[in-house]
Each structure stands twice: as C-alpha cells, then as structure tokens.
Amino acid sequence: MNIVVLAKLVPDLVEELEIDDSGTALDMSWLRLIINELDDHAIEQAILLKEKTGAHVTVVAPDFEGIDDILFTAGAKGADRLMKVLGDYESGINNHGLARALAPVMRDLEPDLILSDVQANDDLDGSIGPLLAGYLDLPYVGYIASVSLDDGQATIEKEYPGGLSAEMVVTLPAVLGIQVAEEPPRYVAVSKVR
C-alpha cells in the first residue's frame, strides 16, 4: 500500500497579519509560516494507517522556506519518504496551479491513496484534494474522520454538518480529504542536521 500525503505551510494566525502594498494579499515578507493544521491531521492519519497495515508513506510539499522542518517532523513521526516539489511557490500559487504542479508527481509515485486537507487557513478553500483528484481521474471524498484499508478498498467515516456521519466504501486508488485524524497529531522534537 502506497500512501501519499500533501502538506503545505500557511500563515500562523496568532501573528498580526498585514496586507501588502497591492492591497490584495497578505504581506508575507516577515510572516511566520506553520504547517496547515489539517495537513498535520492527514500526516497523522497516514502514519496510523502505516502502523495498522505496513503501508509506505510519502509526504509531498511545495518548496517554501521552512518546509524542511515540516518534512523532517513528518519523517520523525514515521513517514518513509519526504519530497519537496521545487518551484517558485513563495511568490504565490493558487490551488488550481498547485494541483496541476502536483499531478505529474502523483502519477510518478503511483499512490493507492492520497490524503489531503479539506481546508487551509490561508485560502479557506479546500479545493486541492478535489482538483488533484480531477486531474488524476480518481474519486474524491472529503471531510473524513476515520479510514481503514482492506483489499483494495478504503472504508471511511465521512462527517456532515450537524454532527451526522456516514460510513462509505471507496475503491482505491482515491483521494481523501481529512477533516480530523483518528488520533490527535503527535508532536515530536526534531533537531536539525547541518
């Protein structure tokens, strides 16, 4: 079983946010970036699936300053492979462009399962998973709270508004948008090797 998880950095919302000179975007020149919280849940869900099934986990992230720390942390948690997709992402890229950039990488990796977030605090969009699924012609289901894998299928619990949930079975390969991991993300100390 080959699981790929998408991760990215987003502005830390405890920082004071300022609009840039254009008036249309955040001033990123001094802003502290952290892992998107729901990407952290997707990584944790992948590690839990690895522990249960022996799956191979790859974490893929666009190249931003500071992404190495996120990738090293994913490795310390148990990810088997860490990949940084090179490009000029710091000058800005929307989810459509990012999904187009990631699609050939995913084709090369041939994952059985791709885990993404369902929303990021920098765009409140959540479209990266469905867009990538569209480019790869794979099924997508979002707002997932649990995943189990068996015999080429994923049994998932999908959350709905109002506290409702449903169990579904999805044939793999597929893309799943993780709302919350079955267990909270583990935090590990990582020291940099220079």
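As shown above, the structure is provided for reference.
Report follows, based on the coordinates. Computed from a prediction, not measured in an experiment: that's the story for all the values here. (Residues numbered from 1 in each chain as written. Predicted model: local features only at pLDDT ≥ 70, side-chain atom pairs only at ≥ 80, totals over all residues. Heavy atoms only, no water.)

**Digging into the packing of aromatic side chains**
Okay, step 1: Taken as a whole and assessed by the stated rule, the structure comprises zero aromatic pairs.
Okay, step 2: We note Lys158 situated over the ring of Tyr160; from NZ or CZ to the ring centre the distance is 5.2 Å. (Phe/Tyr/Trp six-rings, centres within 6.5 Å; stacked < 30°, edge-to-face > 60°. Lys NZ or Arg CZ within 6 Å of the ring centre and 35° of its normal.)

**Focus on unusual backbone geometry**
Okay, step 1: Note that the residue after Leu172, namely Pro173, is joined by a cis bond; omega there is 5°.
Okay, step 2: Structurally, Pro173 is set in the loop between β9 (164-171) and β10 (174-178).
Okay, step 3: For Glu110, which is not a glycine, the phi torsion comes out positive at approximately 50°.
Okay, step 4: Summarising the element assignment, Glu110 is placed in the loop between α3 (95-109) and β6 (113-117).
Okay, step 5: The backbone of Asp151 sits at a positive phi, close to 55°, despite the residue not being glycine.
Okay, step 6: For Asp151, the location among the structural elements is in the loop between β7 (140-150) and β8 (153-160). (Helix = DSSP H or I, 4+ residues; strand = E, 2+ residues; numbered from the N terminus.)

**Observations regarding the sheet that holds β9**
Okay, step 1: The eight strands lie next to each other as β5-β4-β1-β6-β10-β7-β8-β9, forming an open sheet whose pairing is mixed. Strands at the two margins of the open sheet, each flanked by one partner only, are β5 (81-85) and β9. Within this sheet the neighbouring strands show an average axis-to-axis angle of 30°, counted without direction.
Okay, step 2: Two elements, strand β1 (residues 2-6) and β6, share three bridges in a ladder whose sense is parallel. (Pairing = 2+ DSSP bridges. Axes fitted to C-alpha atoms, helices over the stretch in contact; angles between N-to-C directions.)

**A short note on the pairing of β9**
Okay, step 1: Relative to β9, β8 runs antiparallel, the two being bridged by eight bridges. Bridge pairing in β9 places Tyr160 opposite Leu164.
Okay, step 2: Counted along the chain from β8 to the antiparallel partner β9, the turn is three residues long, and its residue Gly162 has a positive phi close to 85°.

**A short note on the packing of α3 against helix α4 (residues 128-136)**
Okay, step 1: Remark: α3 packs on α4, axes separated minimally by 9 Å, with the N-to-C direction vectors making an angle of 50°. As far as their axial angle goes, α4 and α3 are oblique. The handedness of the crossing between α3 and α4 is right-handed. Along the contact surface, α3 presents Asn95, His96, Leu98, Ala99, Arg100, Leu102, Ala103, Met106 and Arg107, while α4 presents Ile128, Leu131, Leu132, Tyr135 and Leu136.
Okay, step 2: Of the residues that constitute the contact of α3 with α4, the class distribution is 10 nonpolar, two polar and two charged. (Parallel < 35°, antiparallel > 145°, perpendicular 65-115°, else oblique. Left-handed = near helix turned anticlockwise from the far one by under 90°. Contact = heavy atoms within 4.5 Å. Nonpolar A, V, L, I, M, F, W, Y, C, P; charged D, E, K, R; others polar.)

**Remarks on the environment of Leu102**
Okay, step 1: Summarising the element assignment, Leu102 is placed in helix α3.
Okay, step 2: For the pair Leu102 and Ala74, spaced 28 residues apart in sequence, the C-alpha to C-alpha distance is 19 Å.
Okay, step 3: Setting aside its immediate chain neighbours within four residues, Leu102 contacts Leu6, Val60, Val85, Ile128 and Leu132.

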